[in-house]
Amino acid sequence: MALMKQKNLLKFIFTVKTKQGVIVRNLQISAPNQTAAEQHLRQMYRQCTIIDMETNSGDPENINLEKVLDLIVNGKLKQPFFAQLIQH
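Criteria and thresholds
Residues numbered from 1 in each chain as written. Predicted model: local features only at pLDDT ≥ 70, side-chain atom pairs only at ≥ 80, totals over all residues. Heavy atoms only, no water. Helix = DSSP H or I, 4+ residues; strand = E, 2+ residues; numbered from the N terminus. Contact = heavy atoms within 4.5 Å. Areas by Shrake-Rupley, 256 points an atom, 1.4 Å probe, with all protein chains shown as cover. Pairing = 2+ DSSP bridges. Axes fitted to C-alpha atoms, helices over the stretch in contact; angles between N-to-C directions.

## Remarks on the overall build of the protein chain
Then comes step 1: Each helix and strand counted, the protein chain has three helices and three strands in total.
Then comes step 2: Ordering the α and β elements of the protein chain from the N terminus gives β-β-α-β-α-α.
Then comes step 3: Look at the contacts in the protein chain between residues 6 or more apart in sequence, and 39% of them connect residues 24 or more apart.
Then comes step 4: Approximately 6,800 Å² of the protein chain is accessible, and the part contributed by carbon and sulfur atoms is 51%.

If you want it as structure tokens, here you go:
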């Protein structure tokens, strides 16, 4: 199945626990909404438990202040400041 480029895709970042009990972090799925992202995730990781889910549209106006403060406090600003904010 060919993936079509869409302007309105969001990036969903999951942390899951697999059926075998392994924690998998930073699973990134682009989808138009959370339901579609979870459906795709469950195709790859059947019977997984979603532990955490974040959304990042890549839009600078969507930057989470809590994440910005965490980056500053923990000294994780090794890349140019703005570029790192968009990745998280």
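There is more to say after this.
## Observations regarding the sheet that holds strand β1 (residues 10-17)
Then comes step 1: Here three strands make up an open sheet; going across it, the order is β2-β1-β3 and the pairing antiparallel. Each end of this open sheet is capped by a strand with a single partner; those strands are β2 (23-31) and β3 (49-56). For this sheet, the mean inter-axis angle between neighbouring strands, taken without regard to orientation, is 20°.
Then comes step 2: Relative to β3, β1 is paired through seven bridges, and the arrangement is antiparallel. Looking at the pairing, Phe 14 lines up with Met 53 of β3.
Then comes step 3: In the packing of helix α1 (residues 34-44) onto the sheet, the strands contacted are β1, β2 and β3, and the crossing angle to β2 comes to about 130°.

None of this, on its own, says anything about what the molecule does.
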